[in-house]
Amino acid sequence: MNIVIMGPPGVGKGTQSHGIVDTKGVVHISTGDILRMAIRSGSELGNKVHEVMNIGDLVSDDLMMEVIKERLSQDDLGNGWLLDGFPRTAVQATAFIAMLGEIGQTIDTVLVVRAPAEEIVRRLNGRITCRACNEVMNLVGFGSSRPKFCPFCGSEKDPERGKPALYQRADDTEETIRHRLEVFRKKTLPAAWLLEEHYPLFEIDGLGTPEEVATRIAEVMN
Ligand code: AMP
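Just so you know, these numbers come straight off a predicted model, no measurement behind them.

Regarding the pattern of salt bridges
Taken as a whole, this structure holds 15 salt bridges when the rule is applied. In this structure, Arg180 engages Asp171 in a salt bridge whose closest nitrogen and oxygen atoms are separated by 3.9 Å. For the pair formed by Arg180 and Asp171, the shared burial category is buried. Arg180 is the salt-bridge partner of Asp172, the closest N and O atoms lying 3.0 Å from each other. Classification of Asp172 by relative accessible area gives buried; the value is 0%. Its relative accessible area of 10% is what places Arg180 among the buried residues. What emerges from the salt-bridge pattern is a single network uniting Arg127, Arg169, Asp171, Asp172 and Arg180.

Quick look at the structure:
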């Protein structure tokens, strides 16, 4: 089974992806995670994308097509994949549709999770991420003090570099969030409507608890 999950930053794609991976047995491919890992490892790809990502702009379509081709050629995808963060532009969507045709694959479900901009800004402003296990959480849940240890994996430090495990992503500041929302509306929504011409697409209301959103997703996928 092959699935694409789309939506503005902070709408809960990552959280919902974990649930889908558990129930469907597919492999989660987050292009944002791939790029962040490349930055951390200091690779050539990481150096190329670092600045663009920090200001909330999109990495070039050519580079992203290379990243996705490389990832989809790996041999752990027999049960299918869940793509999170790709395609992000009409150019990527068009190239991806052609590429899938060439390799004889299809997309079974495209999920577009949506929520109003003000809700997204509220959620992302307090979002922190764990360098050790990649989980995301919201400061709102921790009262006034910022936690020292990751509540998911218990780490205090990033095992590779010794930096504090919990950090706010450079692109999770209010100004950058608003810019990323604009990028989503102008560039990524058109990509979704292109996919809709070829594959079943469902719009999902991203408001409410993660469990409520998961139920809406399960309803359209069953
Ligand atoms: P995400 O973790 O999905 O929010 O992605 C973080 C950042 O990675 C984005 O703001 C972009 O700078 C970059 N990125 C991830 N996926 C793509 C893509 N498909 N096309 C272009 N840039 C991307």
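Additional details are given in the paragraphs that follow.
Section: the packing of helix H1 (residues 13-24) against helix H8 (residues 210-221)
Between H1 and H8, the shortest axis-to-axis distance is 10 Å and the interhelical angle comes to 45°. Looking at the two axes, H1 sits oblique to H8. At the point where H1 passes H8, the crossing takes the right-handed sense. Note on element contacts: H8 touches H1 through Pro210, Val213, Ala214, Ile217 and Met221, opposite Thr15, Gln16, Ile20 and Lys24. For the contact of H1 with H8, a count of residues per class yields six nonpolar, two polar and one charged.

Each value, and the rule that gives it
Residues numbered from 1 in each chain as written. Predicted model: local features only at pLDDT ≥ 70, side-chain atom pairs only at ≥ 80, totals over all residues. Heavy atoms only, no water. Salt bridge = Lys/Arg side-chain N within 4 Å of Asp/Glu carboxyl O. Buried < 20%, exposed > 50% of the residue type's maximum accessible area, 1.4 Å probe, protein only. Axes fitted to C-alpha atoms, helices over the stretch in contact; angles between N-to-C directions. Helix = DSSP H or I, 4+ residues; strand = E, 2+ residues; numbered from the N terminus. Parallel < 35°, antiparallel > 145°, perpendicular 65-115°, else oblique. Left-handed = near helix turned anticlockwise from the far one by under 90°. Contact = heavy atoms within 4.5 Å. Nonpolar A, V, L, I, M, F, W, Y, C, P; charged D, E, K, R; others polar.

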